[in-house]
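Here is what each chain is made of, one letter per residue.
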Amino acid sequence: MSKEDKDNMESNSISNQKVLIDKYISNKQDLKLVNYYIDDGYSGTNFNRPAFKKLISNIINKNINAIIVKDLSRLGRNHIEVDNYLENIFPMMNVRFISIIENIDSYENPESLDNYIVPIKNLMNDAYAKDISKKIKTVLRTKKVNGEFVGAFAPYGYKKSPDNNHKFIKDMETSYCVLLIFNSILKGETSGEIANELNKRKILTPAMHIREKVLGKGSDDINEKWNAKMINRILRNRTYTGDLIQ
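Residues numbered from 1 in each chain as written. Predicted model: local features only at pLDDT ≥ 70, side-chain atom pairs only at ≥ 80, totals over all residues. Heavy atoms only, no water.

Peer 1: Could you clarify how one ought to interpret the pairing of strand β2 (residues 96-99) in this entry?
Peer 2: Regular strands have side chains that alternate between both faces of the sheet. By the alternation rule, side chains of β2 split into R96 and I98 and F97 and S99, which are all buried. By the bridge criterion, 4 bridges tie strand β1 (residues 66-69) to β2 in an arrangement that is parallel. Across the sheet, the residue bridging to I67 is F97, located in β2. One ladder, built from 2 bridges, connects β2 with strand β3 (residues 104-105); its direction is antiparallel. Paired with I98 across the two strands is D105, which belongs to β3. (Buried < 20%, exposed > 50% of the residue type's maximum accessible area, 1.4 Å probe, protein only. Helix = DSSP H or I, 4+ residues; strand = E, 2+ residues; numbered from the N terminus. Pairing = 2+ DSSP bridges.)

Right, dumping it as structure tokens:
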């Protein structure tokens with residue numbers, strides 16, 4: 001399931017792909033399902049996807065000898081990489097490749113891979129990914145120019161407004177800590193002294209605050225503490241002067 005799939009979310013959903021592949025296998029006595037390799041949320045242009053790398057590893061270890069995809073875009077959207085796998089790597093590894101929608105089967109119908117439609121579709125999939133990427137960059141650039149925040153997390157001391165995801169509001173849980181840091185510096189304390197004080201008070205560091213309070217993850221195995229670098233990073237962050245840095 002690729003980042004570029006917003007226009008076809010339903011047909012490209014993981015569950016729909018599974019149903020299609022299961023149905024295809026049920027009609028083929030020479031095929032046995034070994035595993036699903038699912039990279040959810042990765043760009044189709046990325047061939048360093050974790051599950052894809054695991055798939056290649058299992059081919060090398062002779063655990064599988066056939067690959068089935070819903071369509072060519074599920075293998076990838078980089079036409080050079082896809083063509084290389086179809087024309088060189090899979091044949092060299094003696095791997096059968098099946099794409100259901102394009103009716104490609106390198107074992108039952110070797111000529112299906114030689115069809116001129118295959119490289120054309122790979123080029124179209126590649127172009128589609130690049131076009132979507134360009135549109136997303138344009139949208140993000142426009143939001144930045146309009147003063148809208150586009151990052152994943154608001155700076156420490158703020159949180160994203162529930163009414164507007166691109167706007168900051170004060171986070172009452174952490175804003176007092178930012179004020180404490182600036183006031184302590186104005187009193188002549190060093191960054192190291194401030195870090196020690198925050199650790200004494202058992203105040204969560206910015207990263208730990210995001211982990212526990214925003215993402216809702218546990219942190220029993222992590223014991224990150226404040227240090228002078230963290231304090232200096234906050235002191236140098238122009239966000240606290242009213243500027244939006246992106």
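Now, onward.
Peer 1: Even after reading the chapter, I still don't get the packing of aromatic side chains, so can you show me in this structure?
Peer 2: For any pair of aromatic rings, the description rests on two quantities: the centre-to-centre distance and the angle between the ring planes. As enumerated under the stated definition, the model contains 10 aromatic pairs in all. Relative to Y85, the ring of F52 lies with its centre 5.3 Å away and its plane at 90°, an arrangement referred to as edge-to-face. Of this pair, F52 sits in helix α2 (residues 50-60) while Y85 sits in helix α4 (residues 79-92), placing them 33 residues apart in sequence. Since its relative accessible area comes to 5%, F52 is described here as buried. (Phe/Tyr/Trp six-rings, centres within 6.5 Å; stacked < 30°, edge-to-face > 60°.)

Peer 1: Please explain helix α10 (residues 228-235) as it appears in this structure.
Peer 2: For the α-helix, the turn length of 3.6 residues means that residues three or four positions removed from each other point alike. Those residues of α10 lying buried are M230, I231 and I234. The buried side chains of α10 occupy one side of the element, clustering within an arc of 100° when seen end-on. With respect to the buried face of α10, the exposed residues turned more than 90 degrees away are K229 and R233. On the buried face of α10, the contacting elements are α7 (175-186), α8 (191-200) and α9 (206-214). (Arc of directions from axis to C-beta. Contact = heavy atoms within 4.5 Å.)

Peer 1: What should I look at first to understand the side chain of S175 in this one?
Peer 2: Among the structural elements, S175 can be located in helix α7. Overall, the relative accessible area of 11% leaves S175 in the buried class. Setting aside residues up to four positions removed in sequence, S175 forms contacts with G157 and K170.

Peer 1: Please explain the nonpolar core as it appears in this structure.
Peer 2: Considering soluble globular proteins, one finds that nonpolar side chains tend to be buried as a cluster. Membership of the largest hydrophobic core comes to 20 residues, with the highest contact counts inside it found for I59, I67, L86, F90 and F97. Of all the secondary structure elements, the ones that give two or more residues to this core are α2, β1, α3 (72-75) and α4. The dominant element in this core, judged by the number of residues it contributes, is α4, at 5 residues. Among the nonpolar cores identified, the runner-up in size contains 13 residues, and Y156, I194, W226 and Y240 belong to it. (Core = buried A, V, L, I, M, F, W, Y, C linked by side-chain atoms within 4.5 Å.)

Peer 1: Got a minute to help me understand the pattern of salt bridges in this structure?
Peer 2: One pass over the full model with this rule turns up 10 salt bridges. A salt bridge links K70 to D71; the shortest N-O distance between them is 3.3 Å. For K70, a relative accessible area of 11% corresponds to the buried category. Measuring nitrogen to oxygen at the nearest pair gives 3.9 Å for the salt bridge that ties D71 to R74. (Salt bridge = Lys/Arg side-chain N within 4 Å of Asp/Glu carboxyl O.)

Peer 1: Could you clarify how one ought to interpret the sheet that holds β2 in this entry?
Peer 2: The strands that make up a sheet pair up through hydrogen bonds in the backbone, lying either parallel or antiparallel. In space, the 3 strands of this open sheet follow the order β1-β2-β3, with mixed pairing throughout. Pairing within the sheet leaves two strands with one partner each, and these edge strands are β1 and β3. Packing against the sheet, helix α1 (residues 14-26) makes contact with β1, β2 and β3, and its axis sits at approximately 130° to β1. (Axes fitted to C-alpha atoms, helices over the stretch in contact; angles between N-to-C directions.)

Peer 1: Hey, could you run me through α4 in this one?
Peer 2: For α4, built from 14 residues, the straight-helix expectation of 20 Å at 1.5 Å per residue is met to within 8% by its first-to-last C-alpha distance of 19 Å. At Y85, α4 shows its maximal kink, close to 45°. Of all the residues in α4, the buried ones are V82, D83, Y85, L86, I89 and F90. For α4, the side-chain oxygen to backbone nitrogen distance between the N-cap and I80 is 3.1 Å, and the N-cap itself is N78. At the exit of α4 stands N94, carrying a positive phi of roughly 60°. (Expected span 1.5 Å × (residues − 1). Bend = angle between axes of the 7 residues up to and from the residue. Polar contact = N/O pair within 3.5 Å; in protein donor to acceptor, adjacent residues only side chain to side chain.)

Peer 1: I'm lost on a nonpolar patch on the surface in this one. Help?
Peer 2: Taken together, the side chains of I117, I120 and M124 make up a nonpolar region of the molecular surface, amounting to roughly 270 Å² of accessible area. Along the chain, I117 turns up in helix α6 (residues 117-145). Using a relative accessible area of 36% as the deciding quantity, one classes I117 as partly exposed. (Patch = residues over 30% accessible without salt bridge, like charges linked within 9 Å, V, L, I, M, F, W, Y side chains within 5 Å. Areas by Shrake-Rupley, 256 points an atom, 1.4 Å probe, with all protein chains shown as cover.)

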